[in-house]
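Residues per chain, in single letters:
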Amino acid sequence: MVDVTQKEMDNCTFKSDTVLSDVHLHCPNKRHLMVRLNAVGQPVFLSHFKILWNTEDLPSEKHVREAATEREHQYRSGDKLCDQDRNNLKKERELNSEGVEALLDDDGDLDVVRRPRRASDLEAEDLLRDKVYPVILMKGKDDAFEDEEQECACSDVVKIEHTMATPLEDVGKQVWRAAFLLADYILFKRDMFRCCSVLELGGGTGITSIIMGTVAKTVYCTDVGEDLLAMCEQNVALNKHLLEPGRGEVKVKELDWLKDEFCTDPEAPYSWSEEEIDDLHEHCTVVMAADVFYDDDLTNAVFRTLYRITRNLKHSCTVYLALEKRLNFTLRHMDVTCEAYSHFRNTLNDLENLQDRKMKYTVEPIKLDFCQFLVYERIEQL
């Protein structure tokens, strides 16, 4: 939950038991509008994410390398830089050559390396990592919201309601890098997904399903929790400008990985009709999930759900899984490890080696050299 003090409304402070996605701190938009409190009292923000159809607007890998070389040259040429920045560059070189071990200091503690910035870097507004400045909408201030709506009611802006920080069980209410990565791939390969029927597992705020809905015929965006699904449904409504008739339809549905059956109770919100289940089984050829592999029990549940659904599909399908490999220092290992990622890979191997007369799964990595259409940090751990 976000603690916003009355004294410093422009600075958000987060409690120690919260999980924070730094996607929002990268500021791909000018500001974040706090539009309401959700059912559990968490502030809900509205952010605008611009689709860069002209990918020349983004820095290429070549430009990134040139900037790094220029930065290193400045260090060598004796520019006036503080000792801390020099140490940071040294640690950055060590990390590149030694791997995760370079993240530890002399005592074995996790030492976070921050890249030095030049004054000219700070002028690159679209690439700033800056403070978040939420705008709190008060009664009688609807004009501000309407102005923002008019400014961003265009075909290259995705509007997403989300939270800034949540307890672990509510992380689906935030936007994560892997969702952007998968959205990039959809936009890059949009002809391949055109007119497909798609299922997303753990859709969260719905941003990836909404992007898929611009090209696919039908997208079933699924998750669990009425509050989260209501937020997702609101985001689908906010982006109806992207989902005009003739384009895709995004249906928000409940799908609990810990249950073996679809929710078909007509009294339950976001339940499935028998016709929708039949449609999924008859026509689905794409399944996707982004950043749902952070807990071993949930990872097991995701793969059980994948197996249960794909074996009932009429056609063969492709499953796209995007995730961020997170480095964590653990007392159990006294080292920096990627336990959640390791468990994901082991479970993925088990699926590929599964002995099933009806099903066969083949796993292939996708190169990440495709274009970037959304503004976020595409880090090596993606």
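Residues numbered from 1 in each chain as written. Predicted model: local features only at pLDDT ≥ 70, side-chain atom pairs only at ≥ 80, totals over all residues. Heavy atoms only, no water.

Going by what an unreviewed UniProt entry lists, the protein is known as Methyltransferase-like protein 22 and is assigned to Smutsornis africanus. Database annotation for the protein, UniProt heading Subcellular location (unreviewed entry): "Nucleus". UniProt lists a comment for the protein under the heading Subunit (unreviewed entry), and it reads "Interacts with members of the heat shock protein 90 and 70 families; these proteins probably are methylation substrates." (UniProt positions renumbered as here; feature names shortened; annotations may be inferred.)

**Things to note about the pattern of salt bridges**
Across all of its chains, the model carries 13 salt bridges by this definition. Taking the shortest distance from any N to any O, the salt bridge between glutamate 377 and arginine 177 comes out at 3.4 Å. Highlighted residues: glutamate 377 in the segment after helix 11 (339-352) and arginine 177 in helix 5 (residues 177-188), separated in sequence by 200 residues. For glutamate 377, a relative accessible area of 28% gives the class partly exposed. Taking the shortest distance from any N to any O, the salt bridge between glutamate 276 and lysine 253 comes out at 2.9 Å. One end of the pair, glutamate 276, is in helix 9 (residues 274-283); the other, lysine 253, is in strand 11 (residues 249-254), with 23 residues separating them in the sequence. Lysine 253 shares its class with glutamate 276; the two are buried. Members of the salt-bridge network, linked through shared partners, are Arg177, Asp291, Glu324, Arg326 and Glu377. (Salt bridge = Lys/Arg side-chain N within 4 Å of Asp/Glu carboxyl O. Helix = DSSP H or I, 4+ residues; strand = E, 2+ residues; numbered from the N terminus. Buried < 20%, exposed > 50% of the residue type's maximum accessible area, 1.4 Å probe, protein only.)

**Some points on the nonpolar core**
In this structure, Val158, Phe180, Ile186, Phe193, Val198, Ile207 and Met212 are the most contacted members of the largest nonpolar core, which totals 44 residues. Counting only elements with at least two residues in this core, the list comes to strand 7 (157-162), helix 5, helix 7 (207-213), strand 10 (218-223), helix 8 (226-238), strand 11, strand 12 (284-290) and strand 13 (318-322). Here this core takes nine residues from helix 5, the largest share from any one element. In contact with valine 158, not counting residues within four places along its chain, are Ser47, His48, Phe49, Ile51, Ile207, Ile210, Ile211, Asn239 and Leu242. If you look at the next biggest cluster of nonpolar residues, it comprises 26 residues, including Leu201, Leu255, Phe303 and Leu313. (Core = buried A, V, L, I, M, F, W, Y, C linked by side-chain atoms within 4.5 Å. Contact = heavy atoms within 4.5 Å.)

**Remarks on the confidence of the model for the protein**
Considering every residue of the protein, the mean pLDDT works out to 77; 64% of them sit at 70 or more. Every residue in residues 74-82 is under pLDDT 50, and counting partners more than four places away or in other chains gives nine contacts. Contacts for the low-pLDDT stretch residues 95-100, under 50 throughout, to residues beyond four places or in other chains number six contacts. (pLDDT = per-residue confidence, 0-100.)

**Considerations on the side chain of threonine 208**
Its place among the elements puts threonine 208 in helix 7. Overall, the relative accessible area of 1% leaves threonine 208 in the buried class.

**Let's talk about the sheet that holds strand 10**
The strand order across the open sheet built from five strands is 11-10-9-12-13, with neighbouring strands paired in parallel fashion. The sheet is open, and its two edges are formed by strand 11 and strand 13, each paired on a single side. In this sheet, neighbouring strand axes are inclined to one another by 20° on average, regardless of whether the strands run parallel or antiparallel. Inspection of the sheet shows strand 9 (residues 197-201) paired to strand 12 by five bridges, in the parallel sense. Paired with leucine 199 across the strands is valine 287, a residue of strand 12. Along the sheet, helix 8 makes contact with strand 10 and strand 11, crossing strand 11 at roughly 175°. (Pairing = 2+ DSSP bridges. Axes fitted to C-alpha atoms, helices over the stretch in contact; angles between N-to-C directions.)

**A word on the side chain of lysine 253**
Taking the relative accessible area as the measure of exposure, lysine 253 reaches 10% and is therefore buried. A polar side-chain atom of lysine 253 sits 3.0 Å from the main-chain carbonyl oxygen of serine 271. A polar atom in the side chain of lysine 253 sits 2.9 Å from the side chain of glutamate 276. Among all residues touching lysine 253, those that are not within four sequence positions of it are Tyr220, Cys221, Thr222, Asp223, Leu229, Tyr270, Ser271, Trp272 and Glu276. (Polar contact = N/O pair within 3.5 Å; in protein donor to acceptor, adjacent residues only side chain to side chain.)

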